[in-house]
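Residue strings, one per chain:
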Amino acid sequence: MKTDHSLKKQTEQLNFAIKDNIMDVIFNLIDNHKIIVEQHHIDYIVNEYKKGYASNRRNCDSLLLEYDLIYKGLVDSPTHKAHDFIQNGLKVDLKEIGKWHNINEGKLNWMKQCTVSGDVTHYLTYRARGRDKSRLYVCGDKVTIEAIEIREAREYLSRANRSQFSGHYITPLPYLHSNKNVV
């Protein structure tokens, strides 16, 4: 078997390694990220709800993580409504999930379009430990983020399964860091 030593192949391998390293950095930035909810967090969430794109105010509480990361200067602000932030050129969309990531048909089609157009390059799923979903966030709430996985958008969306009820769901997979063999 011949080894391909071409510049193109070497460049592809280097780009792949760099992208994996960036994914590790993003995952580690978010995993175990701690937030103490302050008034500016709530003001941001309320203002986003007033824009009218969310079906209810509680759904906007999922914006806490993206706002906190941008507010603290840990990531760059989005350039399109499809992703939540940019880090080293990766356009990441955050998804707070329960056991699965449930997606209706229209949303899945939109997510696929955003992937094809390059407006989303990666999805990162997470859970917010300390979040009481029976009520809205209040000042003083302490939330710790548990990152579940980060995947290239095409790969993530390719795992969508038809739900027996309606729409689709994606089962989260543990993220394997590129530089170690542990989850």
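Keep in mind the model is a prediction, meaning the values are calculated, not measured.

Draft legend 1. Broad picture of the confidence of the model for the protein chain. Chain-level pLDDT for the protein chain is 88 on average; 86% of the residues reach the 70-or-more range. Mean pLDDT values for the elements of the protein chain range from 70 in helix α1 (residues 7-30) up to 97 in strand β1 (residues 34-36).

Draft legend 2. The pairing of strand β3 (residues 90-96), seen in detail. Among the 7 residues of β3, 6 are classified as buried, and the element is accordingly described as predominantly covered. As judged from the 3 bridges shared by strand β2 (residues 85-87) and β3, these two strands associate in the antiparallel manner. Its bridge partner being in β3, glutamine 87 is matched across the sheet by leucine 90. The loop that links β2 with its antiparallel partner β3 comprises 2 residues; one of these, asparagine 88, has a positive phi angle of about 50 degrees. In this sheet, strand β5 (residues 122-129) lies alongside β3 in parallel orientation, the contact comprising 5 bridges. Pairing of valine 92 across the sheet is with histidine 122, part of β5.

Draft legend 3. Main features of the layout of surface pockets. Roughly 1100 Å³ of volume is contained in the largest pocket. Around the largest pocket, the lining is made up of 33 residues, and of these Tyr53, Asn59, Leu63, Lys95 and Lys107 lie nearest the centre. Broken down by secondary-structure element, the contributors of at least two residues to the lining of the largest pocket are α2 (39-50), α3 (57-60), α4 (64-71), β3, β4 (101-103) and α5 (105-116). The leading source of residues in the lining of the largest pocket is β3, at 4 residues. Along the lines of polarity and charge, the residues of the lining of the largest pocket split into 14 nonpolar, 8 polar and 11 charged.

Draft legend 4. Seen up close, the nonpolar core. Ile26, Ile30, Leu65, Phe85, Leu94 and Leu124 are the most contacted members of the largest nonpolar core, which totals 29 residues. At 5 residues, the largest contribution of residues to this core is made by α1. The residues contacting phenylalanine 85, other than those within four sequence positions of it, are Ile26, Ile30, Leu69, Val75, Asp76, Pro78, Leu90, Lys91, Val92 and Leu94. Ile103, Tyr123, Ala153 and Ile170 belong to the second-largest nonpolar core, a separate cluster that totals 11 residues.

Draft legend 5. Highlighting the environment of glycine 130. Along the chain, glycine 130 falls in the loop between β5 and β6 (142-152). When its relative accessible area of 54% is taken as the criterion, glycine 130 is described as exposed.

Draft legend 6. How the structure looks around α5. For α5, which comprises 12 residues, the first-to-last C-alpha distance of 17 Å matches the rise-based estimate of 16 Å (1.5 Å per residue) to within 8%. The set of residues buried in α5 consists of Leu108, Met111, Cys114 and Thr115. Angular distribution of buried residues about the axis of α5 spans 120 degrees; they occupy a single face of the element. When the buried face of α5 is taken as reference, the exposed residues oriented beyond 90 degrees from it are Gln113 and Val116. Where α5 is buried, its residues contact β3, β4, β5, α6 (153-158) and β8 (168-170). Where α5 begins, the capping side chain belongs to asparagine 104, and its oxygen is found 3.2 Å from the backbone nitrogen of glycine 106. Backbone geometry just after α5 places glycine 118 at a positive phi near 85 degrees.

Thresholds applied
- Residues numbered from 1 in each chain as written.
- Predicted model: local features only at pLDDT ≥ 70, side-chain atom pairs only at ≥ 80, totals over all residues.
- Heavy atoms only, no water.
- pLDDT = per-residue confidence, 0-100.
- Helix = DSSP H or I, 4+ residues; strand = E, 2+ residues; numbered from the N terminus.
- Buried < 20%, exposed > 50% of the residue type's maximum accessible area, 1.4 Å probe, protein only.
- Pairing = 2+ DSSP bridges.
- 1 Å grid on protein atoms, 1.4 Å probe; cavity = no way out; pocket = protein on both sides within 12 Å on 5 of 7 lines; lining within 4 Å.
- Points joined across faces, edges and corners; volume = space filled by probe spheres on them.
- Nonpolar A, V, L, I, M, F, W, Y, C, P; charged D, E, K, R; others polar.
- Core = buried A, V, L, I, M, F, W, Y, C linked by side-chain atoms within 4.5 Å.
- Contact = heavy atoms within 4.5 Å.
- Expected span 1.5 Å × (residues − 1).
- Arc of directions from axis to C-beta.
- Polar contact = N/O pair within 3.5 Å; in protein donor to acceptor, adjacent residues only side chain to side chain.

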